[in-house]
Amino acid sequence: MCSNKSFHGWEDLSIAPFPIPIHLNLMNKKLFSLISIISLCSGFAYASQDSASHNLLTSDGLQLNKNWVLADGELTPSQTPGGIIWTKEKFGDFEVVLEYKTSEKANSGLFFRTDPRNPVQGGFEIQIASAGIYSGKHVLGSLYDAKEAAVSAGKPDGEWNVMTLTCKGPSIKATVNGQTTVDVNIDQWTEPNQNPDGSKNKFNTALKDMPRVGHLGLQYHGQAVWFRKFEVKPLN
């Protein structure tokens, strides 16, 4: 956006695109102008960098291991599958776009704000699963064990789905194929092992007290699942 030519002709401060304090002498005016424009350009560059989406389906984005194969931009379980594949970086407030498809009666999940050393108790999961194999707070698009998906939006096994997840502070919102499945404020989860509707959950810590920064992860849980897009946009 800015180059060495950006300041050509600014010796005539009458054409400067912002007011110059009249009490400054000419040299101070020029210095003030130069510093102001450099600051503006730096701000533009910083905002652009912050708002960029990052492809996580790379060796830089994921902690690749023998259980997973990344080839031609698509992530699949290997011949020796198992477990959850984690991002290298942690994320707090973010937007994720994920494209996936399931095999028959498949179970998977998008983990977030999670400690890989303790994924069951140390983070959150949006459920990924074949349609019709679970009920309640375990169906596709649910905040696992905490909030049942509001709609059934999954496509049949073998077809590509688009999931989005937006987290900002206590707000968690998920969509599947353009339909909102979860839109919650986790500050409403004030008790361990209990949801706001009075039902029980697996979490020994109240969700409002769970970490709000952690790794993203994709789960293999016994059945084949494929991922061809996994992008994150930090919300700073």
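Residues numbered from 1 in each chain as written. Predicted model: local features only at pLDDT ≥ 70, side-chain atom pairs only at ≥ 80, totals over all residues. Heavy atoms only, no water.

**Student:** Help me out: how do you make sense of the overall build of the protein chain in this one?
**Tutor:** Along the backbone of the protein chain there are one helix and 12 strands. For the protein chain, the N- to C-terminal ordering of α and β elements is α-β-β-β-β-β-β-β-β-β-β-β-β. Within the span of the protein chain, comprising 236 residues, buried residues form 41% of the whole. Relative to all contacts within the protein chain whose residues are 6 or more apart in sequence, the contacts with residues 24 or more apart total 60%. Summing over all exposed atoms, the protein chain offers an accessible surface of approximately 12,500 Å²; the carbon and sulfur share of this is 52%. (Helix = DSSP H or I, 4+ residues; strand = E, 2+ residues; numbered from the N terminus. Buried < 20%, exposed > 50% of the residue type's maximum accessible area, 1.4 Å probe, protein only. Contact = heavy atoms within 4.5 Å. Areas by Shrake-Rupley, 256 points an atom, 1.4 Å probe, with all protein chains shown as cover.)

**Student:** Any chance you could explain the side chain of Lys101 here in plain terms?
**Tutor:** Here Lys101 shows up in strand β5 (residues 94-102). Of the side chains bearing the opposite charge, Glu74 lies closest to the buried Lys101, which forms no salt bridge; the N-O distance is 5.6 Å. Non-local contacts of Lys101, meaning those with residues more than four positions away in its chain, are made with Gly158, Glu159, Trp160, Asn161, Val225 and Trp226. (Lys, Arg positive; Asp, Glu negative; His and termini not counted. Salt bridge = Lys/Arg side-chain N within 4 Å of Asp/Glu carboxyl O.)

**Student:** Honestly, unusual backbone geometry in this entry has me stumped. Any pointers?
**Tutor:** Most peptide bonds take the trans configuration, and most residues that are not glycine carry a negative phi. Even without a glycine there, the phi angle at Lys105 is positive, about 50°. Tracing the sequence through the fold places Lys105 in the loop between β5 and β6 (107-114). In this structure Lys105 comes out as exposed when scored by relative accessible area, which is 56%.

**Student:** For this particular structure, what's the right way to read the confidence of the model for the protein chain?
**Tutor:** Caution is warranted with low-pLDDT regions, since their predicted coordinates should not be read in detail. Counting all residues, the mean pLDDT for the protein chain is 85, and 78% of those residues have values of 70 or more. Note on residues 1-18: pLDDT is under 50 here. Beyond four places in sequence and across chains, it has 21 contacts. (pLDDT = per-residue confidence, 0-100.)

**Student:** So what exactly am I meant to see when it comes to the environment of Gly154 here?
**Tutor:** Positionally, Gly154 belongs in the loop between β7 (124-129) and β8 (161-168). The class for Gly154 is partly exposed, based on a relative accessible area of 29%. In this structure Gly154 touches Leu140, Asn161, Val176 and Asn177, once residues within four positions along its chain are discounted.

**Student:** Honestly, the sheet that holds strand β4 (residues 84-91) in this entry has me stumped. Any pointers?
**Tutor:** Hydrogen bonding along the main chain pairs the strands of a sheet, whether they run parallel or antiparallel. An order of β4-β11-β6-β7 is seen for the four strands of this open sheet, with the pairing classed as antiparallel. In this open sheet, the two strands that pair with only one neighbour each are β4 and β7. Taken pair by pair, the neighbouring strands of this sheet meet at an average axis angle of 15°, ignoring direction. (Pairing = 2+ DSSP bridges. Axes fitted to C-alpha atoms, helices over the stretch in contact; angles between N-to-C directions.)

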